[in-house]
Amino acid sequence: MTGAVTKREFRDQYLDSNALERERGITIKAKAVALEYVHERQKYLLNLIDTPGHVDFTYEVSRSLAACEGAILLVDATQGVQAQTVANSLLALEANLTILPVINKIDSPIAQPEQTIQEIENSLGFKPEEIFQVSAKEGTGVEALLPAIIRSVPAPTGNPDAPFRALIFDSVFDEFRGVIIYVRLIDGAIEARREILMLGTGKTFEVEEVGIFRPRMEKCDRLNAGEVGYVIAGIKDIHDVRVGDTITLEGHEDSVALPGYREPVPMVFCGFFPTASNDVNLLKRALERLSLNDSSFTWEPENSEALGFGFRCGFLGLLHMEIVQERLEREEHVEVIQTAPNVTYEVVVGEFGQAQQTLRVDNPAELPEDQNLIEFREPIARAGLITPSESIGA
């Protein structure tokens, strides 16, 4: 409807371009796209970011929400409101975004739109008349949704005349061009040949190219306040870029940094070891490149008596762990041996009535001597259950 993709280029799940995403039928990486839309003879630029829905990739969602003014909350008409639907809508509310509830897949023979509307009303608090019903596959209802986005979602509030400031919401590594940073411009404008400063790392670079996603990367002369695009600045070292950092122009060191993101806390840990012991540096470089694109997993060197040198990695969940391993093997061509997943425990050691110390234990072999053990703590999840009223009671 916006002409962003020609009929010749069209394919299903256009933004889920990664082979892993297409095989599993899920979104793993958030993708940005700029769409030009004409409504009532007025031209609008809609910047959309397609995010994952799975709770293991909630960090991708929180980063994208920080770059947006509104959110389209998609609920599957065949599955209804899921636990992660509630979690993601709470994230959007916390970020003060305008939320448009949309029921998708109404074309499916097993769709239950009426029941889904009731679930959205009961668990998320939207009125039935606020809920849109669409079929992304057939395009039904999308013509009503686009004007609703323009009506309800406020335009960006940035100041085009203020000094340049932008938020880094993602980045990728290119063998030939270095680190490509994805930015949401808050104030001012940016163009090639300007010197930029990363407020978090204090590093400066000269901009080589700027552009927008349509949905392919498309070079343009400048990016303006409110727009989403990419910046290439010959950044060779991936440690110079931090997702959530603020970019400004050189000489504006006193610029106020934008609120970044809460660092994600890993829940599940396992060891990655190269199948060939001399590939440990290869694995390290692969983990560095991958963590640039997915900063929600952590890693640190580890040594095992049986497997030699490797890395202990932390993930947001088991699916996240599985995806990282598959991406290492497919994208980085590194074969790894993975140890059984585990969680971190805490132990309190010391003598009763004297100074006590809290230790984090990742490995059973690291447990201190029994006689000094005062307390042993396991991780606990705080969970909320939403259930029909007839399921409560005796």
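Just so we're clear, the structure is a prediction, and the values are computed from it rather than from any experiment. (Residues numbered from 1 in each chain as written. Predicted model: local features only at pLDDT ≥ 70, side-chain atom pairs only at ≥ 80, totals over all residues. Heavy atoms only, no water.)

1. Here's the deal with the overall build of the protein
Right, on to step 1. Each helix and strand in the protein was counted, giving 7 helices and 22 strands.
Right, on to step 2. Taken over the C-alpha trace, the protein has a radius of gyration of 24 Å; the compact-globule value for 394 residues is 21 Å, and the two agree within 12%.
Right, on to step 3. Along the first, second and third principal axes, the C-alpha set of the protein runs to 80 × 70 × 45 Å.
Right, on to step 4. Counting across all 394 residues of the protein, residues that qualify as buried make up 42%.
Right, on to step 5. Of the contacts formed within the protein by residues at least 6 apart in sequence, a portion of 66% connects residues at least 24 apart.
Right, on to step 6. Charged side chains of the protein number 36 positive and 62 negative; the gap between the two group centres comes to 7 Å. (Helix = DSSP H or I, 4+ residues; strand = E, 2+ residues; numbered from the N terminus. Rg over C-alpha atoms; globule rule 2.2 N^0.38 Å. Buried < 20%, exposed > 50% of the residue type's maximum accessible area, 1.4 Å probe, protein only. Contact = heavy atoms within 4.5 Å. Lys, Arg positive; Asp, Glu negative; His and termini not counted. Charge placed at Lys NZ, Arg CZ, Asp CG, Glu CD.)

2. Here's the deal with the sheet that holds strand S4 (residues 98-104)
Right, on to step 1. The sheet built from 3 strands is open, its strands ordered S3-S4-S5 with parallel pairing. Because the sheet does not close on itself, it has two edges, and the strands there are strand S3 (70-76) and strand S5 (132-133).
Right, on to step 2. One ladder, built from 7 bridges, connects S3 with S4; its direction is parallel. Counterpart to leucine 74 in the pairing with S4 is valine 102.
Right, on to step 3. Together, S3, S4 and S5 form the strand contacts of helix H5 (residues 142-152), whose direction differs from that of S4 by roughly 170°. (Pairing = 2+ DSSP bridges. Axes fitted to C-alpha atoms, helices over the stretch in contact; angles between N-to-C directions.)

3. With respect to helix H2 (residues 58-66)
Right, on to step 1. Within H2, the full set of buried residues consists of Tyr59, Glu60, Val61, Arg63, Ser64 and Leu65.
Right, on to step 2. Looking at the buried positions of H2, the neighbouring elements they touch are strand S2 (42-50), S3, helix H3 (83-94), strand S6 (165-174) and helix H6 (280-293).

4. Describing the side chain of aspartate 187
Right, on to step 1. With respect to the helices, strands and loops of the structure, aspartate 187 is situated in strand S7 (residues 178-187).
Right, on to step 2. A polar contact is formed between the side chain of aspartate 187 and the backbone nitrogen of asparagine 159, at a distance of 2.9 Å.
Right, on to step 3. In terms of polar contacts, aspartate 187 uses its side chain to reach the side chain of arginine 165, at 3.1 Å.
Right, on to step 4. Beyond its immediate sequence surroundings of up to four residues, aspartate 187 is in contact with Gly158, Asn159, Ala162, Pro163, Phe164, Arg165 and Ala225. (Polar contact = N/O pair within 3.5 Å; in protein donor to acceptor, adjacent residues only side chain to side chain.)

5. Side note on the pattern of salt bridges
Right, on to step 1. Applying the stated criterion across every chain, the model contains 16 salt bridges.
Right, on to step 2. Across the pair lysine 43 and glutamate 36 runs a salt bridge whose closest N-O atoms are separated by 3.6 Å.
Right, on to step 3. With its nearest N and O atoms 3.3 Å apart, the salt bridge here joins glutamate 218 to arginine 214.
Right, on to step 4. Among the charged side chains, a network of salt bridges with common partners joins Glu36, Lys43, Arg214 and Glu218. (Salt bridge = Lys/Arg side-chain N within 4 Å of Asp/Glu carboxyl O.)

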